[in-house]
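Residue-level listing of the chains:
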Amino acid sequence: MSNHDNVAIITEFVAAWSRLDPDELASYFADDGCYHNIPVGPVAGRDNVRKMIAAFIGDWTATTWDLLNIVGADDVVIAERLDRTEAGDKSVDLPCTGVFEMEDGKIKIWRDYFDMATFINAMS
């Protein structure tokens, strides 16, 4: 895949979060893909990634991820975002940066960097 294709795939992936569909989100991962929210441990395998996403977004009622900057080189895409999330009457605007390693048009590894305390304090 070209660098442009990988950037387009991650742009679509970021937009897909607004639909809050764990099956759709997991479909972007390779079978052995890994999702690592850096404040917690990594999760490997598409089915485990789907389960982790489902648990993570279980209380969310809406989310929109604003893509601030995105760059790609070879099989790596870096996306700076502002994730705006609501869970009932609670909400958070969470600055994040995701580093994606791509393989054959799928996410092989996603490392997501954000401040967990910002998320927990806003959603508690």
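The structure this text deals with has already been given above.
Residues numbered from 1 in each chain as written. Predicted model: local features only at pLDDT ≥ 70, side-chain atom pairs only at ≥ 80, totals over all residues. Heavy atoms only, no water.

A. Fine view of helix α1 (residues 3-16). The terminal C-alpha atoms of α1 lie 20 Å apart, and with 14 residues this matches the ideal 20 Å at 1.5 Å per residue to within 8%. Listing the buried residues of α1 in full gives N6, V7, I9, I10, F13, V14 and A16. Contacts made by the buried residues of α1 are with α2 (22-26), β1 (29-37), β3 (62-73), β4 (76-87), β5 (90-103) and β6 (106-113). (Helix = DSSP H or I, 4+ residues; strand = E, 2+ residues; numbered from the N terminus. Expected span 1.5 Å × (residues − 1). Buried < 20%, exposed > 50% of the residue type's maximum accessible area, 1.4 Å probe, protein only. Contact = heavy atoms within 4.5 Å.)

B. Local environment of the packing of aromatic side chains. Counted by the stated rule, this structure contains 16 aromatic pairs. Considering the side-chain rings of W17 and W60, the 6.3 Å spacing of their centres and the 45° angle between planes classify their relative orientation as tilted. Of the two residues, W17 is situated in the loop between α1 and α2 and W60 in the loop between α3 (46-56) and β3; the sequence distance between them amounts to 43 residues. A relative accessible area of 1% means that W17 is categorised as buried. Given a relative accessible area of 10%, W60 falls into the buried group. Members of the aromatic cluster, each reached through a chain of ring pairs, are F13, W17, Y28, F29, Y35, F56, W60, W65, F100, W110 and F119. (Phe/Tyr/Trp six-rings, centres within 6.5 Å; stacked < 30°, edge-to-face > 60°.)

C. Expanded view of the side chain of R81. Checked against the element boundaries, R81 lands in strand β4. Accessibility expressed as a relative area gives 1% for R81, which makes it buried. Within the local environment of R81, its side chain forms a polar contact with the side chain of D83, the two groups lying 2.9 Å apart. The contacts of R81, once residues within four sequence positions are left out, are V14, W65, D66, L67, L68, L94, P95, C96, T97, G98, W110 and D112. (Polar contact = N/O pair within 3.5 Å; in protein donor to acceptor, adjacent residues only side chain to side chain.)

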